[in-house]
Amino acid sequence: MTDSPAPGDGPKRSHKWWKITLGVIAGLALLTAVGVGLFMRFSVHRAFPDVEGEVAIAGLQAPVQVVRDDMGVAHIYADNTHDLFMAQGYVHAQERFWQMDFWRHIGSGRLSEMFGDSQVETDMFLRTMGWHDVAAAQFAAAAPDDRAAMEAYADGVNAYLASRSPSELSFEYTVLELLNHSYDPEPWTPIDTLTWGIAMAWDLRGNMDNEIERAMLLGTLPAEQVAQLFPPYPGDINPYIVPANELVGNSTPTASMHSIPGVQVALESVRDKLDLVAAMGANDPGAGIGSNSWAISGDRTNTGMPILANDPHLAIQMPSIWYQNSLHCTTVTEACPYDVAGFSFAGVPGVIIGHNANIAWGVTNLGPDVQDLYIEKINPDNPNQYEVNGQWVDMNVHEETIAVAGSDPVTIEVRSTRHGPIISDTYGSLEDFSSSGIDTPDPYAIALRWTALDTNPGIVTAFLHLDSSANWNDFRDALRTFTVPAQNFLYADVEGNIGYQSPGAIPIRANGDGTLPVPGWTDEYEWTGFIPFDELPRSFNPESGYIVTANNAVVDDSFPYWITYDWNYGYRARRIVDLVGSNAPIGLDEIASIQFDSYSLNAEKVVPYLTSLNSPFDAVFAKWDLGNQADSSGAAAFNAVWSRILEFTFWDDLPEDYRPNGAGRWFFVVDRMLEKPNDPFWDDTATPEIEDRDAILQRSLDTAYEDLKGWFGDDPADWRWGAMHVSTFRNQTLGESGIGIIEDRFNRGPFETTGGGDLVNATGWTAYEGFETTWLPSMRMIVDMSDLSRSRTTHTTGQSGHTDHPHYDDMIPLWLNGKYSPMNWTDSQVDNAAETVQTLIPRS
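Just so it is clear, the model here is predicted, and its values are computed rather than measured.

With that out of the way, let us pick up the overall build of the protein chain. For the protein chain, the helix and strand inventory stands at 25 helices and 31 strands. With the C-alpha coordinates of the protein chain rotated into their principal frame, the extents come out at 85 × 70 × 65 Å. Here the protein chain holds 844 residues, and the buried ones make up 64% of them. The contacts in the protein chain between residues at least 6 apart in sequence include a share of 74% that link residues at least 24 apart. Carbon and sulfur atoms make up 48% of the accessible area of the protein chain, which amounts to about 28800 Å² in all. Between the averaged position of the 48 positive side-chain charges in the protein chain and that of its 115 negative side-chain charges there is a distance of 3 Å.

Now for the state of the cysteines. Inspection of the entire model under this criterion finds 1 disulfide. Covalently, Cys329 is tied to Cys336 through a disulfide, its sulfur atoms 2.0 Å apart. Given an S-S torsion of about -85 degrees, the disulfide between Cys329 and Cys336 has left-handed geometry. In this structure Cys329 comes out as buried when scored by relative accessible area, which is 5%. Residue Cys336 is classed as buried on the basis of its relative accessible area, which comes to 3%.

Over its 20 residues, helix H21 (residues 693-712) runs 28 Å from end to end, which matches the ideal 28 Å to within 8%, given 1.5 Å per residue. Where H21 is concerned, the buried positions are Arg693, Ile696, Leu697, Gln698, Ser700, Leu701, Ala704, Asp707, Leu708, Trp711 and Phe712. The elements touched by buried residues of H21 are helix H17 (601-611), helix H19 (633-650), helix H20 (664-674) and helix H22 (721-724). In the segment just after H21, Gly713 is the residue with positive phi, at about 105 degrees.

With that settled, the discussion passes to the confidence of the model for the protein chain. The predicted model of the protein chain has a mean per-residue pLDDT of 90, with 90% of residues at 70 or higher. A low-confidence stretch, residues 1-5 (pLDDT under 50), is modelled with 13 contacts involving residues beyond four sequence positions or located in other chains. Confidence over residues 251-288 falls short of pLDDT 50; this stretch has 115 contacts with residues more than four positions distant or in other chains.

Let's shift gears to empty space enclosed by the protein. All chains considered together, the criterion is met by 11 cavities of 30 Å³ or more. As a volume, the largest cavity reaches approximately 230 Å³. Forming the walls of the largest cavity are 21 residues, and the residues nearest its centre are Leu204, Trp322, Phe345, Val363 and Gln487. Contributions of two or more residues to the lining of the largest cavity are made by strand S4 (290-296), strand S5 (307-315), strand S9 (359-365), helix H13 (459-467) and strand S17 (487-493). Of the residues assigned to the lining of the largest cavity, the class counts are 15 nonpolar, 6 polar and no charged.

Time to look at helix H14 (residues 472-479). Those residues of H14 not exposed but buried are Trp472, Phe475, Arg476, Ala478 and Leu479. Projected down its long axis, H14 carries its buried residues within an arc of 160 degrees, all on one side. Considering only its buried residues, H14 is in contact with S9, H13, S17, strand S18 (498-501) and strand S22 (538-540). At the N-terminal boundary of H14, the capping side chain belongs to Asn471, with an oxygen 3.2 Å from the backbone nitrogen of Asn473.

Moving on, we come to the pairing of strand S11 (residues 382-388). Of the strand pairs in this sheet, strand S10 (residues 371-379) and S11 are connected by 2 bridges, and their pairing is antiparallel. Within the sheet, the bridge partner assigned to Asn379 lies in S11 and is Asn382. Counted along the chain from S10 to the antiparallel partner S11, the turn is 2 residues long. The pairing of S11 with strand S12 (residues 391-394) spans 4 bridges and is antiparallel. In the sheet register, Glu387 faces S12, and the bridge partner there is Trp392.

Attention shifts here to unusual backbone geometry. Residue Pro443 is bonded to the preceding Asp442 through a cis peptide linkage, with omega at 0 degrees. Residue placement: Pro443 occurs in the loop between strand S15 (420-421) and strand S16 (444-450). Cis geometry is adopted by the peptide bond preceding Pro485, which originates at Val484 and carries an omega value of -10 degrees. Structurally, Pro485 is set in the loop between H14 and S17. In the Ramachandran plot, Asn551 falls in the positive-phi region, its phi being about 65 degrees despite a non-glycine side chain. Within the element layout of this structure, Asn551 appears in the loop between strand S23 (546-549) and helix H15 (571-582). Although it is not a glycine, Asp804 adopts a positive phi angle of roughly 75 degrees. You can see Asp804 is positioned in the loop between strand S29 (792-795) and helix H24 (812-816).

The next thing to look at is the environment of Ser800. Mapping Ser800 onto the fold places it in the loop between S29 and H24. Measuring from C-alpha to C-alpha, the distance between Ser800 and Pro234 comes to 42 Å, with 566 residues separating the pair along the chain. At 3.0 Å, the side chain of Ser800 forms a polar contact with the backbone nitrogen of His802.

The tally for this structure, following the rule as stated, stands at 46 aromatic pairs. Here Phe729 and Phe751 contribute two aromatic rings whose centre-to-centre distance is 6.2 Å and whose plane-to-plane angle is 50 degrees, an arrangement assigned as tilted. Note that Phe729 is positioned in strand S24 (residues 726-729) and Phe751 in strand S25 (residues 748-752), a separation of 22 residues in sequence. Taking the centre distance of 5.0 Å and the plane angle of 45 degrees together, the rings of Trp765 and Phe771 count as tilted. Here the aromatic residues Tyr571, Phe617, Phe621, Trp624, Phe638, Trp642, Phe667, Tyr705 and Trp719 are joined through ring pairs into a cluster of three or more. Across from the ring centre of Trp651, 3.8 Å away, lies the NZ or CZ of Arg659, which sits over that ring. Positioned over the ring face of Tyr820 is Arg792, at 5.9 Å from the centre of the ring.

Rules behind the numbers
- Once a new chain begins, its residue numbering starts again from 1 and follows that chain's sequence as written.
- A pLDDT threshold of at least 70 governs which residues receive local features in this predicted model, and a stricter bar of 80 or more applies before side-chain atom pairs are shown or counted, although totals over entire chains, interfaces and linings include all residues.
- Hydrogens and waters are ignored; side-chain quantities use all the structure's heavy atoms.
- Note on conventions: DSSP H or I runs of at least 4 residues are helices, E runs of at least 2 residues are strands, and numbering of each starts at the N terminus.
- Summary of the burial criterion: residues with accessible area below 20% of their type's maximum are buried, those above 50% are exposed, and those between are partly exposed, where the area comes from a 1.4 Å probe applied to protein chains only.
- Contacts were defined at the residue level, with two residues in contact if any of their heavy atoms lie within 4.5 Å.
- For accessible areas, the Shrake-Rupley method is used with a probe of radius 1.4 Å. Any residue's cover is judged against the shown protein chains and nothing else.
- In this count, Lys and Arg are taken as positive residues and Asp and Glu as negative ones, while His and the chain termini are left out.
- Where a charge sits is defined by one atom per residue type, namely NZ (Lys), CZ (Arg), CG (Asp) or CD (Glu).
- Disulfides are defined as pairs of cysteine sulfur atoms found within 2.5 Å of each other.
- Each helix should span, by expectation, one fewer than its residue count multiplied by 1.5 Å.
- The predictor attaches a confidence to each residue, and that confidence, scored 0 to 100, is pLDDT.
- Buriedness of a pocket was judged along seven lines, with at least five required to meet protein on both sides within 12 Å; pockets are open sets of points on a 1 Å grid over the protein atoms alone, cavities are sets where a 1.4 Å probe fits but cannot get out, and lining residues have an atom within 4 Å of a point.
- Grid points are joined across faces, edges and corners, and a volume is the space filled by probe spheres set on the points.
- Under the convention adopted here, Pro, Cys and the residues Ala, Val, Leu, Ile, Met, Phe, Trp and Tyr are nonpolar, Asp, Glu, Lys and Arg are charged, and Gly plus all remaining residues are polar.
- Along the arc lie the directions from the helix axis toward the C-beta atoms.
- Polar contacts, as used here, are pairs of N or O atoms within 3.5 Å; protein pairs need one atom able to donate a hydrogen and one able to accept it. Residues neighboring in sequence count only if both atoms are side-chain atoms.
- Paired strands are those between which DSSP finds at least two bridges.
- When the centres of two rings from Phe, Tyr and Trp lie within 6.5 Å, Trp using its six-membered ring, the rings pair. Their planes under 30 degrees apart give stacked, over 60 give edge-to-face, and anything left gives tilted.
- Whether a charge lies above a ring is judged from NZ of Lys or CZ of Arg, which has to be within 6 Å of the ring centre and within 35 degrees of the ring normal.

Here is the structure:
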């Protein structure tokens, strides 16, 4: 039994693989001793960019105007594409260069250069993956126009770097100087841009962790119980993105495909368990990573034209992962085709999610199975050889040297097989793989096959083409080059159309379905190709009048190709479909309300079982509307009970690393168990008694009641879900230093927060760590195709990456309360909202 989690208890951030080093902490302690308030204020404010007047920049071909509105959103106007992207690079560097610099060091496996020897193990893994080399190959193969855009963008970043010292770029460099006196940011390169795309693909990587978890659990649980923890997608209760009757354009497959339902267990040691694990699956993406998007046709809106909504769910951080901007060619021509607004990644040219004058698009994670772990049989006499079809084959072996701040360089050996890099030496979750339920040869190693490590165009090409697309056909053509990470793309246009396309490189396997590691020493489990783009799921103007994507299953089992078992379980999608379908005609305000909806379908199922017992919460639950508003006592009570149900039911059976996080998969697992009062999981193996469902539920009720009384007192009117479920926006590096005066500079919060895991307002939390927000809607966007100037949006923190800047945290109140600011589009809108105007001019 564990102690009760305190309200707002957050995750154990030691799990973060970029955690700041002890050396930095020591340096920060020195700063707190000498850094009096005036020095801190001076150091912070001198990093603020100049955003007014004229600035001469070498390499510009003509003047560029940058108008920042009252939310700090940059609207960039240029005469040609070179200047447009150069100016975007300059603006990104003005506002977010520390964030960009940190991200590129992740992508290239060079964190130790900044933060010292505690990051060597992280860099070892990242160098093993070889993201930098993949990015270099992407740039070398890029089309001339795409190369030119990335080069112009890099030139803009570097023009700003050349104008300032490190401490004038961002306050973080002043702090870093205390640890790393020799660190000086390098010029930006197009390869830095492309490594960011690969790093994002890793965050959205698919099912590799599930694959490992299933294998490890087979070492401790019977196969039927492992299968019970990974049930198939519940298509009988939750929706598919594209129902079979709405698929368009799919034909008989042109290549071999997976056609056997269920898990094809790949090793002799578990072949006898095949039938028992046939239903295994389901992506378990942290405590709520995912996204929502939906497009509604004009037949269902109050404007007669489509409305598109999107809110991607990503990790909570400071500053926001998004930078909002618009890019405008002063005259739109074939040579300069951009007139687009929306959200960008600092470090990447173009707009990732948004709209142009003709179309709008939103993005959610598709989550296909694009990663397979291959168990390689190693030559006992030569660790750099592995078996392929009965023959020993040499691995590709090379050395990587990791520069380490304050220490000597570290040299590592990187080994790769035909499948990809050997990661079992450097990926923590595989360290104990020999104790899994899968037999391994002796000796063995595990290699990763992943589409992101194959030759692919990278993140830039597709988005630049999307930004200038004029119609559905242009949209689909742009997505033909989008391979990694495979996503759900939603579409609406000013002609009244809505559509859906799932692009991406999704492998076809000779055998198996990727849910468990497979033998690498034969060709039996090789990839034989990829699903052709024209046979990937899509939909256009469906009869339903809407398309909803929320990481739920795209298609049912009738679809001829294998995509994954590891879908999100569809509770968010179910709720959105119910609300969209019951609110016609629907307008912008109704859609905003849906984005902030916090109704719990999980509680709808569980609460009746609780109130049938001797519940101390009867009066609270009787008045509860099943919403998870910050001021709700019912939500406080239910989530306290839910956390205890998961603990008392599963902690005794599962290894600590695989305890339930409490999100969608666990909704469905417990849903099915509630109908089986004597399911073995209900029994607490730590006691001599044999507990059933009601005993565990009663214990959870009683313990949660004591928890809440200890936190808030006896009066339920004083219980607040928001006091338990808080959001603290933390700087990813110095905001986790442990030094209060520094954390206070960089971090914002805690804030009481509405929502919860796998609700539409998906402010996720991790049940085994506490109730603090770990994942969230990283932005919210609503686009009105009847009048683009009526579109609205917000993201989590603010536009500026500079602590104490007015636009560092001014979006937080909007985000917390489900409010928006205008998505300024027309010249008059931008002019009326203008806060600053800066003109970039060519340097003579």
